[in-house]
Amino acid sequence: MKFKKYLLFLVLAALAVITAACGADSGQDDEGKTNATADLEGSVTIDGSGTVYPLMAKIAEEYMINEQENVSVEVSRAGTSAGFKKFLVDNGTDFNNASRQIKDEESTEAATLGLEVKELKVALDGLTFVINKDNDWATEMTPEQLISIFKADSGIEKWSDINPDWPAEAIKPMGPNENHGTYEFFYEKILDKQDLVSNVNLQQDYSTLVNLVSEDKNGIAFFGFGYYVNNKDKLAAVDVDFGNGPVEPSLETIAEDGDYAGFTRPVFTYLNIKHAQDKPQVLDYAIYAMNNVNTFAGETGFAPIPEAEAKANVEFLNGLK
């Protein structure tokens, strides 16, 4: 009898060892994290686009709270171009958020420095034109009319120059300054590199633009959809008629093949690949971000990217391990 009990003890012990080994092979801890990344620490530095900032800041917050409490993810918003200057240097930032694609001269600078950079599309944004809430005449316009307000040689100075039924009052055009990818997108893609009107008021901070338009009945500004959504109590958006009737910018209409496609643009973050390979927390954050961009896009004012694109980015990042 004692011998049988001894055999039973040996069997149970062997099963315990096998179970423990299988658990180790699975690479998962009790919280579902991989053992390789369960206890990360260090920092992740991100700068760049003010437009992309709300989305990346939200992802960073969720990551630090729910994934890696010992990793500090610092997100700043110097603007796309200013951010690339901090990114494309030795020991620069780990990521640069951008509301436009990297320029040829920036890619050349990266190559000169020996930096390998990966472009990651994170969301879709709708360029939004905002007006004062007391402006009840310019609520619908065509792209051509909107462009004429900002183009130097259009001859448009007053609202009545666009429509004789509108007030004969001077228009106050505003927008983000040259540090921002939104400015560059507008200047290069929408204005086709034509000069802006001399009286355009360009600002570094989007919050300043919100306040200026909210305080001036004749103000009109352009920026990303997210800043409009978060300030709907202060501003109104111009519905844009691309040829089939006015379209309100919204999460439903902002898409590269949607009703607001004419003013839809992708936004990005750029990753320093060597940093991702040398610093486990940078790669871990990159994978988390691309697994969750569509989860947090809507609540921060962006339309999601196709799931296939997000998954392709995750596969690329997993290949860096």
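Predicted model, so just to flag it, every value in this text is computed and none were measured. (Residues numbered from 1 in each chain as written. Predicted model: local features only at pLDDT ≥ 70, side-chain atom pairs only at ≥ 80, totals over all residues. Heavy atoms only, no water.)

Re the sheet that holds strand 5 (residues 140-141)
Next up, step 1: Read from one edge of the open sheet, three strands run 5-10-11, paired in mixed fashion. A single partner strand is all that each edge strand has here, and the edge strands are strand 5 and strand 11 (246-247).
Next up, step 2: For strand 10 (residues 239-241) and strand 11, the ladder comprises two bridges, and the chain directions are antiparallel. By the bridge assignment, Val240 is partnered in strand 11 with Val247. (Pairing = 2+ DSSP bridges. Helix = DSSP H or I, 4+ residues; strand = E, 2+ residues; numbered from the N terminus.)

Digging into the pairing of strand 12 (residues 264-272)
Two faces make up the sheet, and in a regular strand the side chains alternate between them.
Next up, step 1: Where burial is concerned, most of strand 12 is hidden: eight out of the nine residues are buried.
Next up, step 2: The pairing of strand 4 (residues 117-132) with strand 12 spans nine bridges and is antiparallel. Opposite Ala123, over in strand 12, you have Val267 as the bridge partner. (Buried < 20%, exposed > 50% of the residue type's maximum accessible area, 1.4 Å probe, protein only.)

As for the environment of Phe302
Next up, step 1: Within the secondary structure layout, Phe302 lies in the loop between helix 11 (280-297) and helix 12 (307-318).
Next up, step 2: Taking C-alpha positions, Phe302 is 9.0 Å from Val52, a pair spaced 250 residues apart along the chain.
Next up, step 3: Excluding residues within four positions of it along the chain, Phe302 makes contact with Thr51, Val52, Leu55, Ala123, Leu124, Asp125, Leu251, Val267 and Ala297. (Contact = heavy atoms within 4.5 Å.)

Some remarks on the side chain of Lys121
Next up, step 1: Mapping Lys121 onto the fold places it in strand 4.
Next up, step 2: Residue Lys121 is classed as buried on the basis of its relative accessible area of 15%.
Next up, step 3: A polar contact is formed between the side chain of Lys121 and the side chain of Glu309, at a distance of 3.1 Å. (Polar contact = N/O pair within 3.5 Å; in protein donor to acceptor, adjacent residues only side chain to side chain.)

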